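Each chain, written out:
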Amino acid sequence: MELLGSPLRTPYTQPRSTPTKFLPPIPTASSLQNRFPPSPLPNSFSSPWMPRVTKPTLGPAPRSSQRLTPREALPPISHQTALSTRYTPGDWYRSNLSNYKRSETARHTAECLTADSSRLIQDKYQQTRKTQAESTKNLGQRVNDIMFWKSELRCEQDKMMEETNALTGMKERLERALANTEAPLQVTQECLLHREKRMGIDLVCDDVETQLFVELDIIRSCQERMRRHLEQAEAQLASNRLAQHDVERDLANKQAAHRIDEQCQQLRNTSTGISYFRGVERVDATISVPESWANFTDKNILRSQSERAASAKLRDSIENLLVLTDKQMQHQFNCVNLAFTQRIAEMADAKRKIQAQLSKTLQEMFHLERSIEAIQKAIRDKGFPLKVAQTRLDKRIRRPKMELCRDPAQLRLVSEVCEINETIQSLQQRLRDSEDVLQRLVHNKLALEHELVVKSTSLFIDQEKCLAMRKTFPSTGRLLGYV
């Protein structure tokens, strides 16, 4: 026979093991042992109140047993063997008493266990309700704490966004102001390049050039400070965004935690969606305690506040820088224009004086040329008297013998020729002197004309090119970055 199985036994209902010492041993015949060997059964079937369950044999019977007759199939039982297998009446009574005692003991144990179970169920029910109420209360307090920090984080987030937008606007103003300084810088550089085209003595390091170099240094210094503050603004914006990101991430985590804890607080025994999650109480996924949790959010808020304060301070610094650079560049622009005006007036006056000197020189050259012409005419006019006197002397040399007398006429003719020669020599010397003076006047005229060209060129550069470019300067609104 094949055993199908046995039901589970509880420790309270399992009967105690029954001693079998009071029962006499049952002798078994050797013929029965040989013909029917005992079949071992599990302990669960040895209990007196359990029925014997056997699995019927479904297979066909052996052919040898089918061919046996009833007399041949059953072994013969002798009278002695039948008497040796019987119990005595005393054994039977003792067995019944033992069963009664075991039954009473089991019923008493069951009654005590039932009463204890009722009390345990009631106590655990009250304890479970109290524990669940405390958990719900703690979840409610946790939800309130999360709502408080959510409001703080949301307020700080709004303030940080406002400050970031303000700093971004100030940065854009600074960028526009920096771009607007390029035009004055270009004008200053072009003025210096144009003034390098001055000629001669006018290529001088005057007050205009000094002021232009000062303006160039001021503009470059302002640009450098603007670039430095621009880098600081970019770095501060990055810090603001990082602090804002931390606040937003913390706020998102708080919102998720608030949603979860609020759902947990609203769960009841009759709620849908509850189920068993075995072993979840042994999973410790927490990474913080209430103190560290609050400190984490507080640190995020304090860091955001610190970055906001630094951002506001930087905005004030940028505003002061824009005002200061505007004043410096406007003041230096006016100084350069004033230097240009004074220099143009000086060059105009020098040009007028040169023109006056040139006019006088031309007039004197005209008079000197007239004088040279007169001298030349006088020299030419002395040629005929000299010819007459020399001709007379030449003719008188041809007088015969004693007629070659050194008479007064002869002496006068000789003195006349000498006087005329001296006169011609003195006139020629005066002519050479006049020509030298005229040559110097010509050189002077050329120098004056060159200086006049130089002054005209310098005046054109300063007045028409440089000062014309400097008629307009970026307005205060542009240098402050509003436009």
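This report concerns the structure included in the present document.

Reading the values: rules and limits
Residues numbered from 1 in each chain as written. Predicted model: local features only at pLDDT ≥ 70, side-chain atom pairs only at ≥ 80, totals over all residues. Heavy atoms only, no water. Helix = DSSP H or I, 4+ residues; strand = E, 2+ residues; numbered from the N terminus. Buried < 20%, exposed > 50% of the residue type's maximum accessible area, 1.4 Å probe, protein only. Areas by Shrake-Rupley, 256 points an atom, 1.4 Å probe, with all protein chains shown as cover. Expected span 1.5 Å × (residues − 1). Polar contact = N/O pair within 3.5 Å; in protein donor to acceptor, adjacent residues only side chain to side chain. Contact = heavy atoms within 4.5 Å. Axes fitted to C-alpha atoms, helices over the stretch in contact; angles between N-to-C directions. Parallel < 35°, antiparallel > 145°, perpendicular 65-115°, else oblique. Nonpolar A, V, L, I, M, F, W, Y, C, P; charged D, E, K, R; others polar.

## Quick word on the overall build of the protein chain
Alright, step 1. For the protein chain, the count of helices and strands is 11 helices and zero strands.
Alright, step 2. From first element to last, N terminus to C terminus, the protein chain shows the α and β order α-α-α-α-α-α-α-α-α-α-α.
Alright, step 3. Across the 483 residues that make up the protein chain, the buried fraction comes to 28%.
Alright, step 4. Surface summary for the protein chain: the accessible area is close to 33600 Å², and the carbon and sulfur share equals 56%.

## Some words on helix α6 (residues 182–195)
Alright, step 1. Spanning 14 residues, α6 covers 20 Å between terminal C-alpha atoms, matching the ideal 20 Å at 1.5 Å per step.
Alright, step 2. Those residues of α6 lying buried are Pro184, Leu185, Val187, Thr188, Cys191, Leu192, His194 and Arg195.

## Quick look at the side chain of histidine 229
Alright, step 1. Along the polypeptide, histidine 229 turns up in helix α7 (residues 207–266).
Alright, step 2. Under the relative-accessibility criterion, histidine 229 is labelled buried at 12%.
Alright, step 3. Within the structure, histidine 229 has its side chain in polar contact with the side chain of serine 317 (distance 3.0 Å).
Alright, step 4. When neighbours within four sequence positions are excluded, histidine 229 is seen to be in contact with Leu174, Leu314, Ser317, Ile318 and Leu321.

## Considering the side chain of glutamate 209
Alright, step 1. Along the chain, glutamate 209 turns up in helix α7.
Alright, step 2. Excluding anything up to four places from it in sequence, glutamate 209 contacts Leu192, Arg195, Glu196, Arg198 and Val204.

## Remarks on the packing of helix α8 (residues 290–381) against helix α9 (residues 383–396)
Alright, step 1. At a closest axis distance of 4 Å, the pairing of α8 and α9 adopts a crossing angle of 15°. Considering their axes alone, α8 and α9 lie roughly parallel with respect to each other. In this structure, α8 uses Ile379, Arg380 and Asp381 to contact α9, whose residues at the interface are Gly383, Phe384 and Pro385.
Alright, step 2. Taken together, the residues that form the contact of α8 with α9 break down as three nonpolar, one polar and two charged.

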